[in-house]
Amino acid sequence: MNIRSLSRGDGVVIGAAVVLFIASFLDLFGFDCPAGINCSNYNAPNAWDSLGLLMSVYLAGIIGAALVIVGRSMPTRKVVGLDLGQFGAAFCVFALWTAFWTTIDASDTGAGMILGLLATIVLAGGAIATPLVPALKAPLVSASGPRVVQPQYGGQPQPGQGYGYPGQQQPSYGGQPGQQQPYGAQPQPGQPEPQPQPQPQGHAQKAPDAGGAPAGDFTPFWFAVPVARPLYGEDGSPSPIAELAPGTWYLAVEQRGPGLIAQTQDGRRGVLQDTTGIQRG
C-alpha cells in the first residue's frame, strides 16, 4: 500500500485501532480489596479472558479499521454489492455500540474498558467522517515534492529524454518556458502568448481523421495529483477502476472534455474527471 494514498482520516482510524489493541491487554474491571486480605496475587481479567468482549469490541474494531483502509485503497472491491469501507464502518459502529453499553452496565470499569470505549469513539468517528470532512480527506503525507519517479509508459524514460519527463522543465499552458503553472491556468497579464512550434514536414502531410476534423493539438505530459483522486473507465462506468495517489507521476495521453485520459504505471487507462490543482512535470 502506498502511504501517500492515505488521508488524515485514515491515519486517525489506524491510530485508534492501535490504541484499541493496547487496551485489550489492560484490566477490564476494577475491584475493591477487603480489609485484612492480601490481594496482591489477584489478577484482574482483560479482554483476552472474555471471548465475548474480545470479539464484539476489540477485534471487531480492529477488523473494521482494516476493512476501511483496504476499502479506500481498492475502491473497486465489493462484497454483496457493498464497498469494503462500508462493511468496515459498520464493524466500527458495532464495536462502539457494544463498548458503550458494556461500560454503562459495569459497576467498576477498569482502564482497558475505558480506553477501549474512547478508542472505539474515535475509530467510528474517523471511519464515518473521513469521506465527509475536507480536512480529513487531505493527504496524510504531503506530495509537494515527489522525488522517486518510476513512470512506466512504453519503456523506462531516461533523464533528459522524451517530452514531459518530470526531470525537465516544460512550458505549461499560457506560461513561459521554465515556469510551472497548474493545468488549465490562464496566462498572466503582460505575458506573451506562446508561439506555435513548427512541425516536421512529415507531420504536416498527414491526412485528417475519418471524421474529417483535424487531429487535436494535445501533447502527452507527466503530472501528479495533490490528493488521491479516482480514475474512471473510458466507457463511462460510474465505478472507478483505479485511484491516483499523490507523489506518483502519471501520463496524460489525451484530453476528453474538461478531464484527461491518464495512464497508470501498470498500463491501465481511464478518465481523470477532476484536474484542479494537478502538478505538471
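Residues numbered from 1 in each chain as written. Predicted model: local features only at pLDDT ≥ 70, side-chain atom pairs only at ≥ 80, totals over all residues. Heavy atoms only, no water.

## Quick look at the packing of aromatic side chains
Throughout the structure, instances matching the rule amount to 7 aromatic pairs. Arranged with centres 5.2 Å apart and planes meeting at 85°, the rings of phenylalanine 21 and phenylalanine 25 form a pair that is edge-to-face. With relative accessibility at 40%, the residue phenylalanine 21 sits in the partly exposed group. The interplanar angle of 70° and the centroid separation of 5.8 Å between the aromatic rings of tryptophan 97 and tryptophan 101 together place this pair among those described as edge-to-face. With a gap of 4 residues between them, tryptophan 97 and tryptophan 101 both fall in helix 3 (residues 84–105), about one helical turn apart. Since its relative accessible area comes to 44%, tryptophan 101 is described here as partly exposed. Counting every residue linked through ring pairs, the aromatic cluster contains Phe218, Phe221, Phe223 and Tyr250. Here arginine 280 stacks its cationic end above the ring of phenylalanine 221, 4.0 Å away from the centre of that ring. (Phe/Tyr/Trp six-rings, centres within 6.5 Å; stacked < 30°, edge-to-face > 60°. Buried < 20%, exposed > 50% of the residue type's maximum accessible area, 1.4 Å probe, protein only. Helix = DSSP H or I, 4+ residues; strand = E, 2+ residues; numbered from the N terminus. Lys NZ or Arg CZ within 6 Å of the ring centre and 35° of its normal.)

## Some remarks on the environment of isoleucine 128
Relative to the helices and strands, isoleucine 128 is located in helix 4 (residues 111–129). Spatially, the C-alpha atom of isoleucine 128 lies 6.4 Å from that of alanine 89, the residues being 39 residues apart in sequence.

## Details of the pattern of salt bridges
Two side chains of opposite charge can pair, provided their charged atoms sit close to one another. Throughout the structure, instances matching the rule amount to 6 salt bridges. For the salt bridge of aspartate 274 with arginine 229, the shortest nitrogen-to-oxygen distance reads 3.6 Å. Here arginine 229 lies in strand 4 (residues 229–232) and aspartate 274 lies in the loop between strand 8 (269–272) and strand 9 (279–280), a separation of 45 residues in the sequence. Aspartate 274 sits in the partly exposed class, given a relative accessible area of 35%. Of the charged contacts in the structure, one is a salt bridge between glutamate 234 and arginine 269, with a shortest N-O distance of 3.5 Å. Here arginine 269 lies in strand 8 and glutamate 234 lies in the loop between strand 4 and strand 5 (240–244), a separation of 35 residues in the sequence. Its relative accessible area of 33% is what places arginine 269 among the partly exposed residues. (Salt bridge = Lys/Arg side-chain N within 4 Å of Asp/Glu carboxyl O.)

## Let's talk about the side chain of serine 56
The residue serine 56 is located in helix 2 (residues 51–73) in this model. Look at serine 56 and you get buried, because its relative accessible area is 15%. Engagement of the side chain of serine 56 in a polar contact is seen with the backbone oxygen of glycine 52, the distance being 2.6 Å. Excluding residues that lie within four positions of it along the chain, serine 56 makes contacts with Phe94, Ala95 and Thr98. (Polar contact = N/O pair within 3.5 Å; in protein donor to acceptor, adjacent residues only side chain to side chain. Contact = heavy atoms within 4.5 Å.)

## Some points on the layout of surface pockets
Of the volumes computed, that of the second largest pocket is approximately 760 Å³. Lining the second largest pocket we find 30 residues, and of these Arg72, Thr130, Pro131, Lys137 and Glu243 sit closest to its centre. Elements that contribute at least two residues to the lining of the second largest pocket include exactly helix 2, helix 3, strand 4 and strand 5. The dominant element in the lining of the second largest pocket, judged by the number of residues it contributes, is helix 2, at 5 residues. (1 Å grid on protein atoms, 1.4 Å probe; cavity = no way out; pocket = protein on both sides within 12 Å on 5 of 7 lines; lining within 4 Å. Points joined across faces, edges and corners; volume = space filled by probe spheres on them.)

## Quick look at the nonpolar core
Residues Leu28, Tyr58, Met113 and Leu123 are the most contacted members of the largest nonpolar core, which totals 24 residues. If one sorts the elements of this core by residue count, helix 2 sits on top with 7 residues. With residues up to four places along the chain from it excluded, the contact list for leucine 123 reads Val13, Ala16, Ala17, Leu20, Gly61, Ala65 and Cys92. One finds Phe223, Val225, Leu231 and Leu272 within the second-largest nonpolar core, a separate group that totals 13 residues. (Core = buried A, V, L, I, M, F, W, Y, C linked by side-chain atoms within 4.5 Å.)

## Some words on a nonpolar patch on the surface
Residues Ile14, Val18, Phe21, Ile22, Phe25 and Trp48 make up a contiguous nonpolar surface patch of about 570 Å² in total accessible area. When you line up the elements, phenylalanine 21 lands in helix 1 (residues 8–23). (Patch = residues over 30% accessible without salt bridge, like charges linked within 9 Å, V, L, I, M, F, W, Y side chains within 5 Å. Areas by Shrake-Rupley, 256 points an atom, 1.4 Å probe, with all protein chains shown as cover.)

## Brief notes about the packing of helix 1 against helix 4
When two helices pack together, their arrangement is given by the angle between their axes and by how far apart the axes lie. Two elements in contact, helix 1 and helix 4, have axes whose closest approach is 8 Å; the angle formed by their N-to-C orientations is 160°. Viewed along their axes, helix 1 and helix 4 adopt a mutual orientation that is roughly antiparallel. Here helix 1 runs over helix 4; the crossing is left-handed. Where helix 1 approaches helix 4, its residues Val12, Val13, Ala16, Ala17, Val19, Leu20 and Ala23 are matched on the opposing element by Gly112, Leu115, Gly116, Ala119, Thr120, Val122, Leu123, Gly126 and Ala127. Tallied by class, the residues present in the contact of helix 1 with helix 4 amount to 12 nonpolar, 4 polar and no charged. (Axes fitted to C-alpha atoms, helices over the stretch in contact; angles between N-to-C directions. Parallel < 35°, antiparallel > 145°, perpendicular 65-115°, else oblique. Left-handed = near helix turned anticlockwise from the far one by under 90°. Nonpolar A, V, L, I, M, F, W, Y, C, P; charged D, E, K, R; others polar.)

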